[in-house]
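# Summary of structural features
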Amino acid sequence: MYKEPASFKLDIESGVIEDSKRLVRRLSDMKGYFVDEEAWKELVEKENPVVYEVYAVEQEEREGDLNFATTILYPGKVGKEFFFTKGHFHAKPDRAEVYVALKGRGGMLLQTPEGEARWIPMEPGTIIYVPPYWAHRTVNTGREPFIFLAIYPADAGHDYGTIAKKGFSKIVIEEDGEVKVINNPRWKA
Ligand SMILES: O=P(O)(O)OC[C@H]1O[C@H](O)[C@H](O)[C@@H](O)[C@@H]1O
Ligand SMILES: [Fe+2]
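Rules of the game
Residues numbered from 1 in each chain as written. Chains lettered and ligands numbered in written order. Predicted model: local features only at pLDDT ≥ 70, side-chain atom pairs only at ≥ 80, totals over all residues. Heavy atoms only, no water. Helix = DSSP H or I, 4+ residues; strand = E, 2+ residues; numbered from the N terminus. Buried < 20%, exposed > 50% of the residue type's maximum accessible area, 1.4 Å probe, protein only. Contact = heavy atoms within 4.5 Å. Areas by Shrake-Rupley, 256 points an atom, 1.4 Å probe, with all protein chains shown as cover. Lys, Arg positive; Asp, Glu negative; His and termini not counted. Charge placed at Lys NZ, Arg CZ, Asp CG, Glu CD. Donors = N, O, S within 2.8 Å, 3.2 Å for Na, K, Ca; no water. Tetrahedral: all angles 85-135°; square planar, octahedral: opposite > 155°, others 65-115°. Near = heavy atom within 4 Å. Polar contact = N/O pair within 3.5 Å; in protein donor to acceptor, adjacent residues only side chain to side chain. Nonpolar A, V, L, I, M, F, W, Y, C, P; charged D, E, K, R; others polar. UniProt positions renumbered as here; feature names shortened; annotations may be inferred. Core = buried A, V, L, I, M, F, W, Y, C linked by side-chain atoms within 4.5 Å. Pairing = 2+ DSSP bridges. Axes fitted to C-alpha atoms, helices over the stretch in contact; angles between N-to-C directions.

As a further point, take the overall build of the protein. Summing up its helical and strand segments, the protein has 2 helices and 13 strands in all. When the backbone C-alpha atoms are referred to their principal axes, the protein occupies close to 55 × 35 × 30 Å. Taking all 189 residues of the protein together, 43% fall into the buried category. Sequence-distant contacts in the protein: of pairs separated by 6 or more residues, those separated by 24 or more amount to 67%. Carbon and sulfur atoms make up 51% of the accessible area of the protein, which totals about 10,400 Å². Each charge class in the protein was averaged separately, 26 positive and 31 negative side chains, and the resulting centres sit 4 Å apart.

Given below as structure tokens:
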């Protein structure tokens, strides 16, 4: 009846959580996500790099319970666009989430269902509150792996569909050696 309390070992340097479930996303798993499709194809054919890994500790989908996961988002670009996670709304859209940045540099794009976007820079120690209803995607704007921990309701779920189809209304690029957050040229509201 009561679940047994549990502790887990997080290696702060690598971002790996012992005895967790590992998920790997390569660039080939992200067809249609980047603005420069030629650059995407070229890089997939050349080395098809791992874009990110997730180490998750998940419970049954029950209201009140919590999941958590670290993500190791590797440095890299497709054309001018920095590597990012797919990004999602929650399947139960009113579920919130908390992110804690541990290592490296990056940021989070958040977006309402109407396409109103925000960019929040992240460095080690940054804690982000993702409110209910906001889609969220993390971006590595640095030259080393960007590592963070996220804690989310066990019944939140992932809804990738809308973002896979439409993307975010803003994209994060490198131009003239600077990080720029600009309007997504392919965005249609
Ligand atoms: O699911 P993605 O949008 O690809 O992001 C990758 C992962 O980032 C964080 O770790 C979230 O807590 C996970 O729920 C998510 O799966
Ligand atoms: Fe989430």
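The discussion continues.
With that settled, consider the coordination of the iron ion (ligand 2). Those protein atoms acting as donors to the iron ion (ligand 2) are His-88 (NE2), His-90 (NE2), Glu-97 (OE) and His-136 (NE2), and they sit at 2.0 to 2.3 Å. One can describe the site at the iron ion (ligand 2) as irregular: its 4 donor atoms subtend angles covering 84 to 165° at the metal. Each donor residue of the iron ion (ligand 2) lies on the same chain, and together they follow the pattern H-x1-H-x6-E-x38-H. Among the residues examined, His-88 registers a relative accessible area of 9% and is labelled buried. Overall, Glu-97 belongs to the buried group, its relative accessible area being 5%.

Moving on to the site of ligand 1. The full set close to ligand 1 counts 15 residues, and Tyr-52, Thr-71, Gly-87, His-158 and Tyr-160 are the nearest of them. For ligand 1, an oxygen atom lies 2.5 Å from a polar atom in the side chain of Tyr-52. Contact distances for ligand 1 include 2.5 Å between an oxygen atom and a side-chain N or O atom of Tyr-160. Its free accessible area being 370 Å², ligand 1 has 96% of it covered by the protein chains. Broken down by secondary-structure element, the contributors of at least two residues to the shell around ligand 1 are strand E2 (50–57), strand E3 (66–73), strand E6 (97–103) and strand E11 (146–153). For the shell around ligand 1, the per-class residue count stands at 7 nonpolar, 5 polar and 3 charged.

The residues that UniProt annotates with the feature "binding site: Fe cation" (unreviewed entry) are His-88, His-90, Glu-97 and His-136. These annotated residues cover 49 residues of sequence, and their C-alpha atoms all fall within 11.8 Å of one another, placing them together at a single site. Inspection of the secondary structure assignment puts Glu-97 in strand E6. Leave out the neighbours within four places in its chain, and Glu-97 touches His-88, His-90, Ile-128, Tyr-129, Val-130, His-136, Ala-150, Ile-151 and Tyr-152. With respect to the helices, strands and loops of the structure, His-136 is situated in strand E10 (residues 135–140). When neighbours within four sequence positions are excluded, His-136 is seen to be in contact with Gly-87, His-88, His-90, Glu-97, Tyr-99, Met-108, Leu-109, Leu-110, Val-130 and Phe-168.

The next point concerns the nonpolar core. The biggest cluster of nonpolar side chains holds 36 residues, and the ones touching the most others in it are Leu-27, Phe-34, Tyr-99 and Met-122. For this core, the secondary-structure elements that each account for two or more residues are helix H1 (37–46), E2, E3, E6, strand E7 (106–111), strand E9 (127–130), E10 and E11. Discounting chain neighbours no more than four positions away, the residues touching Tyr-99 are Met-108, Met-122, Thr-126, Ile-127, Ile-128, Val-130, His-136, Thr-138, Phe-148, Leu-149 and Ala-150. Counting residues in hydrophobic clusters, the runner-up holds 5 residues, among them Tyr-55, Val-57, Ile-72 and Ile-147.

On the basis of which strands lie adjacent, the open sheet formed by 3 strands has the order E8-E7-E10 and antiparallel pairing. Looking at strand neighbours, the two that pair on one side only are strand E8 (117–122) and E10, the edges of this open sheet. Going from strand to strand, the sheet's axes swing by 20° on average, the running direction of each strand aside. Pairing analysis gives 6 bridges linking E7 to E8, with the strands arranged antiparallel. Paired with Gly-106 across the two strands is Met-122, which belongs to E8.

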